[in-house]
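# Chains, contacts and geometry: an overview
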Amino acid sequence: MSATTFRHLFPILVDRQPEQYIYFDSAATSLKLASVIHTTQDYYQSNTSNVHRSSHKVAQHVTEQFEQARRVVQQFINAKNQREVIWTQGATDSLNLLAQCLGRSSLLDARGTEILIAATEHHSNIVPWQELARQYNLVIKVMPVDANGVLKLHDALQLISKHTAIVAIGHVSNALGNINPVQAIIQRAKAHGAISVIDGTQAVAHMPVDVVALDCDFYVFSGHKIYGPTGIGVLYGKLPLLEALPPYRLGGEMVKTVSFKQAATFQPSPLKFEAGTPNIAGVLGLAEAIKFIESNMHEIMALEQTLYLQLLQLLENIPEVTLWGDKANSISLQSFTVKGVNVYDLALLLDSHNIALRVGHHCAMPLFNELAIDGVLRVSLSCYNNEQELALFDIALRDSIATLSQQVVEPDVRHKPS
Ligand code: PMP
């Protein structure tokens, strides 16, 4: 398989040579497929209407597409029922919905008082749970990582007990790329009657996900990390649990009846959680992105694995580089630091070589406190990257490290006694 197979499907790359633009920041947001751009544009340009409201032809057509998109997601993650797929604004919104609705539900009543979170979590899978804990007097416990940032599975499993109410963990760490052993965690949570929440934001573009096989209670992800639009995401939940949750936001379309005499009554899931006019273009675009991933998953995985091994090799050939995470069990994402070099300066220099990547704590501050480092440079590869880009990155990285290392050395040279 040629490393350039999918590149032509991404308009932002079509007219640019790798020397002009190398995008290694797909974990922040992926580039967008032509089919996604076309579908969202078509909605605004030729098919604008609301969904689930008006009865005219265009509205009926768009409503049918909108619900078809739900079935596309259902099939993508192998959910049993399309009513288990809820549209949200993204993973952050899904997790906030979940934390707040769980808090107001009776689902926590007969459970323990602890919420377990992995030390690797993105802030979106920490702060909503901290707020839930604050509101309902629950306790946050942290599943620990080793010195490389890899989950200590044995210790994590030990923490799950009859006291656990919720276990919330990322399928893949956005900061380090590690694939977490979520199946073992879910099983243990289930054995102790705890609710399992999996943040699949960094997983779904890179590996097949089957929520029935995982047997998780909830699974969330964002559209924009999987070649789709921003502002659209998914919350999957087992239907009986969704039915037991109260609504999140209140307003049009999520109600069955409204009167001034008695309290409103609500639609069943999923509409119960979808108050107001949804991100229709986002939903339609996301379905296109998912169709692309589903038809090409094996090729995407093979290509990303090849590129990832090349990335590892080039980084390991630079003696000053330290790799973080678990390179034997990772998506095509590698974070690293460089001895004697400030990674923030390095990112700036790489940007001057037209290489876009992210530096810092990657919205996972507790993890970097744990690792006692200021931040890492993160290269996240996707199906539109290629070997030529990696070769250019290799040259630019070595060049930038040499420049910055010299800057560190210079003052010593100046002050050397003659
Ligand atoms: N979880 C993980 C693992 C992520 O990588 C991100 C985005 N960086 C989020 C949650 C939040 O996603 P969003 O910003 O799309 O809501």
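The following paragraphs examine the structure supplied in this document.

Calculation rules
Note on numbering: residues in each chain are counted from 1, in written sequence order. Reporting of local features is limited, given that this is a predicted model, to residues whose pLDDT is at least 70; pairs of side-chain atoms are given and counted only at 80 or more, and all residues count toward the totals for whole chains, interfaces and linings. Side-chain metrics rest on all non-hydrogen atoms present in the structure, leaving aside hydrogens and water. At least two DSSP bridges between two strands are required for those strands to pair. Runs of E in the DSSP output that reach at least two residues are strands. Runs of H or I that reach at least four are helices, and both are numbered from the N terminus. Angles here are taken between N-to-C directions and fall from 0 to 180 degrees, while the axes themselves are lines fitted to C-alpha atoms, restricted in helices to the stretch in contact. The buried label goes to any residue with under 20% of its type's maximum accessible area, the exposed label to any with over 50%, and the partly exposed label to all in between, with areas taken from a 1.4 Å probe on protein chains only. This arc corresponds to the set of directions leading from the helix axis out to the C-beta atoms. Residue contacts are counted whenever heavy atoms from the two residues lie within 4.5 Å of one another. Here, expected helix span is obtained from the residue count minus one, scaled by 1.5 Å. A cavity, in this analysis, means grid points on a 1 Å lattice covering only the protein atoms where a 1.4 Å probe fits yet has no way out; a pocket is instead an open set bounded by protein on both sides within 12 Å along at least five of seven lines, and a residue lines either one if it has an atom within 4 Å of a point. Grid points are joined across faces, edges and corners, and a volume is the space filled by probe spheres set on the points. The nonpolar class holds Ala, Val, Leu, Ile, Met, Phe, Trp, Tyr, Cys and Pro. Asp, Glu, Lys and Arg form the charged class, and all remaining residues, Gly among them, are polar. Consider each residue's heavy atoms; a residue with any of them within 4 Å of a molecule or strand counts as near. Polar contacts here mean pairs of N or O atoms no more than 3.5 Å apart (in protein, one a potential hydrogen donor and the other a potential acceptor; neighbouring residues in sequence count only if both atoms are side-chain atoms). Per-residue and other accessible areas were derived by the Shrake-Rupley procedure at a 1.4 Å probe size, with only the shown protein chains allowed to occlude residues. A molecule is said to be in a cavity or pocket once over half of its atoms fall within 2 Å of that pocket's grid points. By the definition adopted for this analysis, an angle is roughly parallel if under 35 degrees, roughly antiparallel if over 145, roughly perpendicular if from 65 to 115, and oblique otherwise. Less than a right angle of anticlockwise turn of the near helix away from the far helix marks a crossing as left-handed, whereas a clockwise turn marks it as right-handed.

## What about the sheet that holds strand E14 (residues 358-360)?
The strand order E11-E12-E15-E14 describes an open sheet built from 4 strands, whose pairing is antiparallel. Where the open sheet ends on each side, the last strands, each with one partner, are strand E11 (321-324) and E14. Across the sheet, the mean angle separating the axes of adjacent strands is 30 degrees when strand polarity is ignored. By the bridge criterion, 4 bridges tie strand E12 (residues 333-338) to strand E15 (residues 376-380) in an arrangement that is antiparallel.

## A word on helix H7 (residues 182-191)
Of all the positions in H7, only Val182, Ile185, Ile186 and Ala189 are classed as buried. The buried residues of H7 all sit within an arc of 100 degrees when viewed along its axis, so they share a single face. Residues of H7 that are exposed and point over 90 degrees away from its buried face: Gln187 and Ala191. Packing partners of the buried residues in H7 comprise strand E4 (139-143), helix H6 (153-159), strand E5 (164-170), strand E6 (195-199) and helix H8 (211-214). Phi turns positive one or two residues past the end of H7, at Gly193, with a value near 70 degrees.

## Remarks on helix H2 (residues 34-46)
With 13 residues, H2 extends 17 Å between its outermost C-alpha atoms, agreeing within 8% with the 18 Å of an ideal straight helix rising 1.5 Å per residue. Taken residue by residue, H2 has Val36, Thr39, Thr40 and Tyr43 as its buried positions. Seen end-on, H2 carries its buried residues on one side only, within an arc spanning 90 degrees. Facing away from the buried side of H2 by more than 90 degrees, the exposed set consists of His38 and Gln45. On its buried face, H2 sits against helix H3 (57-77) and helix H10 (280-316).

## Quick look at empty space enclosed by the protein
On inspection of all chains with the given rule, the structure shows 2 cavities of 30 Å³ or more. In this structure, the largest cavity encloses a volume near 50 Å³. For the lining of the largest cavity, the class distribution of residues is 4 nonpolar, 2 polar and 3 charged. Of the volumes computed, that of the second largest cavity is approximately 30 Å³.

## Quick notes on the layout of surface pockets
Here the largest pocket defines a volume of roughly 230 Å³. If you go around the largest pocket, you meet 19 residues; those closest to its centre are Ala91, His122, Asp199, Thr201 and Lys225. In terms of residue count, the dominant contributor to the lining of the largest pocket is helix H4 (residues 91-104) (3 residues). In terms of residue class, the lining of the largest pocket is made up of 3 nonpolar, 13 polar and 3 charged.

## Regarding the pairing of E6
Of all 5 residues in E6, 5 are buried; the element is thus mostly enclosed. By the bridge criterion, 5 bridges tie E5 to E6 in an arrangement that is parallel. Bridge pairing in E6 places Val167 opposite Ser196. Examined bridge by bridge, E6 and strand E7 (residues 218-222) share 3 bridges and lie parallel to one another. Pairing of Val197 across the sheet is with Phe218, part of E7.

## What about the site of the ligand?
Close to the ligand lie Ala91, Thr92, His122, Ser124, Asn174, Asp199, Thr201, Gln202, Ser222, His224 and Lys225, which account for all nearby residues. One of the side-chain N or O atoms of Ser222 is found 2.6 Å from an oxygen atom in the ligand. One of the side-chain nitrogen or oxygen atoms of Lys225 is found 2.5 Å away from a nitrogen atom of the ligand. Against a free-state accessible area of 400 Å², the protein chains account for coverage of 86% of the ligand. Counting atoms within 2 Å of the grid points, the majority share of the ligand lands in the largest pocket.

## What about the packing of H3 against H10?
Put simply, H3 and H10 touch, their axes get as near as 9 Å, and they point 40 degrees apart. Relative to H10, the element H3 is oriented oblique. When you trace H3 past H10, the crossing you get is left-handed. Here Val62, Gln65, Phe66, Ala69, Val72, Val73, Gln75 and Phe76 of H3 lie close against H10, whose contacting residues are Ile280, Val283, Leu284, Ala287, Ile290, Lys291, Ile293 and Glu294.

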